[in-house]
Amino acid sequence: MSPENKVPEIRFKGFSGEWEEKRIIDIAPLQRGFDLPKNEMQTGKYPVVMSNGINGYHSKFKAKAPGVVTGRSGTIGNIHYIEDNYWPHNTALWVTSFNGNSPQYVYYMYTKLDLNRFGTGSGVPTLNRNDVHDQSISIPEIEEQTKIGNYFQQLDSLIARHQQKHEKLLNLKKALLEKMFPKQGATVPEIRFKGFSGEWEETNLENSTDLLTGNPFDSKEFSKRGVFLVRGMNVKRGYLDMDADISEYWPTSLELEKFLLKADDIVIQMDGALIGKSYAKINNENLPALLVQRVTRIRSREIDPDFTYQYIQRDFLKHISKIKTETAVPHLSLNDIRDFQISVPKTEEQTKIGSLFKQLDTLLNQHQTQLKKLGNIKQACLEKMFV
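Nothing here was measured: the structure is a model prediction, and the numbers come from that model.

Here is what the cut-offs are and how they apply
- Numbering of residues starts from 1 in every chain and runs along the sequence as written.
- Whole-chain, interface and lining totals are the exception, using all residues; otherwise, since this is a predicted model, local features are given only for residues with pLDDT of at least 70 and side-chain atom pairs are given and counted only at 80 or more.
- Note: side-chain values were computed over all heavy atoms of the structure, leaving out hydrogens and water.
- We count a salt bridge whenever a side-chain nitrogen from Lys or Arg sits within 4 Å of a carboxyl oxygen from Asp or Glu.
- Exposure classes here rest on a 1.4 Å probe applied to the protein chains alone. A residue is buried below 20% of its type maximum, exposed above 50%, and partly exposed in between.
- Working definition: helices are DSSP H or I runs of at least four residues, strands are E runs of at least two. Numbering for both runs from the N terminus.
- When DSSP locates at least two bridges between a pair of strands, those strands are taken to pair.
- For this analysis, a ring pair means two rings from Phe, Tyr or Trp (six-membered ring only for Trp) whose centres lie within 6.5 Å, classed as stacked if their planes differ by under 30 degrees, edge-to-face if by over 60, and tilted for the remaining angles.
- Axes, fitted as lines to C-alpha atoms, cover a helix only where it is in contact. Angles between the N-to-C directions of the axes lie from 0 to 180 degrees.
- Here is the rule for angles: anything less than 35 degrees is roughly parallel, anything more than 145 is roughly antiparallel, 65 through 115 is roughly perpendicular, and the remaining ranges are oblique.
- Rotating anticlockwise by less than a right angle from the far helix to the near helix defines a left-handed crossing, while the corresponding clockwise rotation defines a right-handed one.
- All amino acids are sorted into three groups, where Ala, Val, Leu, Ile, Met, Phe, Trp, Tyr, Cys and Pro are nonpolar, Asp, Glu, Lys and Arg are charged, and the leftover types, Gly among them, are polar.
- Lining residues are defined by having an atom within 4 Å of a point belonging to a cavity or pocket. Those points lie on a 1 Å grid over the protein atoms alone, cavities being sets where a 1.4 Å probe fits but cannot get out and pockets being open sets with protein on both sides within 12 Å along at least five of seven lines.
- Grid points are joined across faces, edges and corners, and a volume is the space filled by probe spheres set on the points.

Participant: Help me understand the pattern of salt bridges, please; the structure alone is not making it clear to me.
Facilitator: Note on pairing: side chains with opposite charge can pair once their charged atoms come close. Evaluation of the coordinates by the stated rule reveals 20 salt bridges. Here D26 and R23 are joined by a salt bridge, their closest N and O atoms 4.0 Å apart. Owing to a relative accessible area of 37%, R23 belongs among the partly exposed residues under this scheme. The salt bridge involving R299 is made with D265; its shortest N-O contact spans 2.8 Å. Here the residue R299 occupies a position in strand β19 (residues 295-300), and D265 occupies one in the loop between β15 (249-250) and β16 (266-269), the gap between them amounting to 34 residues.

Participant: For this particular structure, what's the right way to read the sheet that holds strand β14 (residues 227-230)?
Facilitator: Backbone hydrogen bonds hold the strands of a sheet together, and the pairing may be parallel or antiparallel. Spatial strand order, β15-β14-β18: 3 strands in an open sheet with mixed pairing. Whereas interior strands pair on both sides, the edge strands pair on one side only; in this sheet they are β15 and β18 (289-291). By the bridge criterion, 2 bridges tie β14 to β15 in an arrangement that is antiparallel. Following the sheet pairing, V227 is matched in β15 by W250.

Participant: Help me understand helix α2 (residues 103-113), please; the structure alone is not making it clear to me.
Facilitator: Side chains that are three or four residues apart share a direction in an α-helix, a result of its 3.6 residues per turn. The buried fraction of α2 amounts to 8 of the 11 residues, a majority that puts the element mostly inside the structure. Three or more residues of α2 are buried, namely Q104, Y105, V106, Y107, Y108, M109, Y110 and L113. Two residues or fewer after α2 comes D114, characterised by a positive phi angle close to 60°.

Participant: Could you clarify how one ought to interpret the packing of aromatic side chains in this entry?
Facilitator: By convention here, two paired aromatic rings are described through the distance between centres and the angle between planes. Following the criterion strictly, the structure yields 22 aromatic pairs and no others. For the ring pair F181 and W200, a centre distance of 6.1 Å and an interplane angle of 80° mean the geometry is edge-to-face. Taken together, the positions of F181 in the loop between α4 (142-179) and β12 (201-204) and W200 in the loop between α4 and β12 put the pair 19 residues apart, joining distant regions of the chain. Through a chain of ring-to-ring contacts, the aromatic side chains of F12, Y81, Y105, Y107, Y108, Y151, F152 and F386 assemble into a single cluster.

Participant: What's the story with the packing of α4 against helix α8 (residues 347-384) in this structure? I'm lost.
Facilitator: Each pair of packed helices can be summarised by the angle the axes make with each other and by the distance between the axes. Contact pair α4 / α8: the axes reach a minimum separation of 10 Å and the direction vectors enclose 160°. Overall, the two elements α4 and α8 adopt an arrangement that is roughly antiparallel. The two elements α4 and α8 cross, and the hand of that crossing is left-handed. Of the residues in the contact of α4 with α8, the class split is 20 nonpolar, 7 polar and 5 charged.

Participant: Help me understand the layout of surface pockets in this model?
Facilitator: Left-over empty space is what a probe sized like a water molecule reveals as it rolls over the atoms. Taken as a whole, the largest pocket spans an internal volume of roughly 1600 Å³. When residues of the lining of the largest pocket are traced back to their parent elements, those giving at least two are α4, β17 (279-281), α6 (305-323) and α8. By residue number, the principal contributor to the lining of the largest pocket is α6, which donates 10 residues. A class-by-class count of the residues in the lining of the largest pocket yields 12 nonpolar, 11 polar and 17 charged. One number sums up the size of the second largest pocket: a volume of about 470 Å³. What lines the second largest pocket is a set of 20 residues, among which Q184, R314, D315, K322 and Q341 lie closest to the centre. Elements represented by at least two residues in the lining of the second largest pocket include exactly α6 and β20 (341-344).

Below is the structure:
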């Protein structure tokens, strides 16, 4: 952005000249929505838009589409674009007039404005529309507004398609985890690859894997280079977070070989609010790495590591929920992990199941990476395509 010239850093070809500075109230003013108690809501086709988005449908509407709505009380900062006639609820603020501006452009303008910063109140955040109305921003002519609005709408559609694919894959994986592993009390799964039969055998992690807790490294000797240290805070929900802000290193692995991790090892966080949910499978990109205390390493001995990892995703939280009670600082013991029960088929079937879920995880990671990339592109464009 160039404030002096009132032009954006990035602009569509064919447009030139400075943008015009106006107050928000003169571009797209906001107004508090209308009361609608739950017991007066009658089933209909018109969306009722509250502070957190559409929350029910009513037989009547108060505003014509398209609409731009944001939260007034409770949830503030989120902007909603409504494509049908709607009822703006009294917990929301809605644009009463676009004053000849592109509704889509106004939607992204408000998104870029970041209304969170205007929130007041420590308990229940509240947005005062007058604070927003007084802001002055620069906007282009309607043709350029339309071009910008269409571009971001296409970008959002692409993000939504990737999100839908990601959610479908997640649901597929969840269904397969339920059906391709035996239910409690059963000895065979509901769904099985062709050519496999026979009952699965009961065992636990103590008898089928090598378990190890980490070394008590002295934090005073942490360094910013050397061998990566896998601490509890690095173990997230299904991945190892190696972000520079939380990463620490040890100068050497000499005489610490016992604690060196290998590809396909599984690590489990033993402390914190997310115990039972925080685990990750080590891959070559994470290595070399050393195991730190209060993190458990699971190394497969008799069971396929991908099979073990999927079993942990499926049932480990259920196992922990049964044996742990709420405490100030939730924690796991090594015995809690040792006792985790699993049912296993013959090695060939384990490998087949593990391979299937590994492929699903790869696809899920690809969609997640693409979603993150598209989100970053959108954020960058919001910064550079608006003044």
